[in-house]
Amino acid sequence: MLDLLAEVSISGSLGSIGYGLAAIGPGIGIGIIFGNGVQAIARQPEAYGVIRQNMLLGFALAEALALLGFVAPFVFGA
Amino acid sequence: MIGARVPMAEIEPGCHFQSGCGFPAPDASIFEIEPYFGQITKPVVLLLLGSVLIMAFFLAAFGKPKLIPGKLQSVGEMGYLFIRDGISREVIGKDGDRFVPLLFTIFFFVWIGNLWGIIPGAQFPVNSRFAFPVGLAIMVWCIYMYLGVRHQGPIKFFTNMMFPPGMPKPIYVILAPIELISNVIVRPVTLAIRLFANMFAGHLLLTVFTVAAFYLASPNIIGILGSATSFVMTVIMTAFEALIQALQAYIFTLLTAVYIAGSLHAEH
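About the cut-offs
Residues numbered from 1 in each chain as written. Chains lettered and ligands numbered in written order. Predicted model: local features only at pLDDT ≥ 70, side-chain atom pairs only at ≥ 80, totals over all residues. Helix = DSSP H or I, 4+ residues; strand = E, 2+ residues; numbered from the N terminus. Rg over C-alpha atoms; globule rule 2.2 N^0.38 Å. Buried ≥ 20, exposed ≤ 12 C-beta atoms within 10 Å, placed from the backbone. Contact = placed C-beta atoms within 7 Å. Nonpolar A, V, L, I, M, F, W, Y, C, P; charged D, E, K, R; others polar. Core = buried A, V, L, I, M, F, W, Y, C linked by C-beta atoms within 7 Å. Expected span 1.5 Å × (residues − 1). Bend = angle between axes of the 7 residues up to and from the residue. Axes fitted to C-alpha atoms, helices over the stretch in contact; angles between N-to-C directions. Parallel < 35°, antiparallel > 145°, perpendicular 65-115°, else oblique. Left-handed = near helix turned anticlockwise from the far one by under 90°. pLDDT = per-residue confidence, 0-100.

## So, the overall build of chain A
Part 1: Helix and strand counts for chain A come out as 3 helices and 0 strands.
Part 2: Going from N to C terminus, chain A has its helices and strands arranged as α-α-α.
Part 3: Here the C-alpha radius of gyration of chain A, 19 Å, is well above what a compact globule of 78 residues would show, namely 12 Å.
Part 4: Structurally, chain A occupies a C-alpha span of about 60 × 30 × 15 Å along its principal axes.
Part 5: Taken across its 78 residues, chain A has 15% of its residues classed as buried.

## Points about the interface of chain B and chain A
In many analyses, interface size is given as the accessible surface area lost on bringing the parts together.
Part 1: On the chain A side, the residues contacting the 15 residues of chain B number 17 residues.
Part 2: Among the secondary structure elements, those contributing two or more residues to the side of chain B that touches chain A are helix 6 (171–216) and helix 7 (221–264) of chain B.
Part 3: The class makeup of the residues in the side of chain B that touches chain A is 10 nonpolar, 3 polar and 2 charged.

## Digging into the nonpolar core
Generally speaking, nonpolar side chains in soluble globular proteins are found buried as a group.
Part 1: Formed by 46 residues in total, the largest nonpolar core has its most connected members in Phe-107, Val-110, Phe-252 and Ala-257 of chain B.
Part 2: The set of elements that each furnish at least two residues to this core consists of helix 3 (48–77) of chain A together with helix 2 (71–91), helix 3 (100–115), helix 4 (131–152), helix 6 and helix 7 of chain B.
Part 3: Ignoring anything within four residues of it in the chain, the contact list for Val-110 of chain B reads Asn-127, Leu-136, Leu-195, Ala-249 and Phe-252 of chain B.
Part 4: Leu-206, Phe-209, Ala-212 and Tyr-215 of chain B belong to the second-largest nonpolar core, a separate cluster that totals 6 residues.

## What about helix 2 (residues 14–43) of chain A?
Residue and element names in this part refer to chain A.
Part 1: For helix 2, with 30 residues, the first-to-last C-alpha span of 44 Å sits near the 44 Å given by 1.5 Å per residue.
Part 2: The largest bend along helix 2 measures about 30° and falls at Ile-24, with the proline Pro-26 one to four residues further on.
Part 3: Buried within helix 2 we find Gly-15, Pro-26, Ile-30 and Ile-33.

## Topic: unusual backbone geometry
Part 1: A positive phi angle, close to 45°, is found at Gln-123 of chain B, a residue other than glycine.
Part 2: A count of 16 C-beta atoms within 10 Å places Gln-123 of chain B in the partly exposed class.

## Observations concerning the packing of helix 4 of chain B against helix 5 (residues 154–162) of chain B
Packed helices, taken two at a time, are described by the angle between their axes plus the distance between the axes.
Residues and elements named next belong to chain B.
Part 1: Two numbers describe how helix 4 lies on helix 5: the axes approach to 6 Å, and their chain directions differ by 110°. Classified by the angle their axes make, helix 4 and helix 5 are roughly perpendicular. Taken as a pair, helix 4 and helix 5 cross one another with a handedness that is right-handed. Two secondary-structure elements touch here, helix 4 through Gly-148, Val-149 and Gln-152 and helix 5 through Pro-154, Lys-156, Phe-157 and Asn-160.
Part 2: A breakdown of the residues in the contact of helix 4 with helix 5 according to their chemical character gives 3 nonpolar, 3 polar and 1 charged.

## Some remarks on the confidence of the model for chain A
Part 1: When pLDDT is averaged along chain A, the result is 86; 91% of the residues meet or exceed 70.
Part 2: The spread of mean pLDDT over the elements of chain A runs between helix 1 (residues 2–7) of chain A, the lowest at 69, and helix 2 of chain A, the highest at 93.

Laid out in structure tokens, this is it:
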């Protein structure tokens, strides 16, 4: 099995695969953040300002992980 | 990095689809622009121009303030109230009013720096060069560390940071170092990388679609359809980029306010 795996040579960019993996978690996280944010606004439209602000804050923190995955190939790949 | 490709610098004028020329995928080299002279590069010029534009605008808006604001003053006041009421008072509270000038400057400085990315003729987001966001992040780091030491005392600041109340005692063995690293190192690093990577990725995306529209323009059905689609995508992505640029400037300012608020008042 290991011999077989060793013979399969993968060509192309590992960086893009790494970015794909790095995007899974933040993708789910951002979905949850905005999903729940929209739900909260629907339930309590008068709290729109506070909810939107915290929504964007959570979005920024989750998104940073995906962006690290995006930058890493450029930094370490060259 | 992505397979065999033609470097951006070597694109032939007649490099089109089905003319024996591979797709010249843009890479990080599109961000390396020759300096005009000495150390003066395009981002530096755009940054200075942007600063001058902001100063000119707000001098025109607030230079001679009137009780009944004119058009320009109304726009300026909208921007000011957006920062004061939307960010400063929501996050820091009433005593955050003295930080409004700082937040206001950061917001518009970052925004104009990003905005150069979609302004025809300039089309280079200043913050896609890593040094600029790093400089801003270092400034923010110095401010919130200083404020924390000043308002909570040097020892209290770090103990408050490392030991957030309301946890079972053994958890602190793991939590304390994580909190310290997250507050002192991860915060400024992510602050810089978030702004940089968004602008970098956005500019790269726009370049990919623009180059694709040029590359696919050839007299066959795939070429025509592909080229038209790429061109439309360029327009759509430019609009999307305008949204992202404003959002990133907002997030940068918001996070600065959050960090300042955390330094002023310890978490309870």
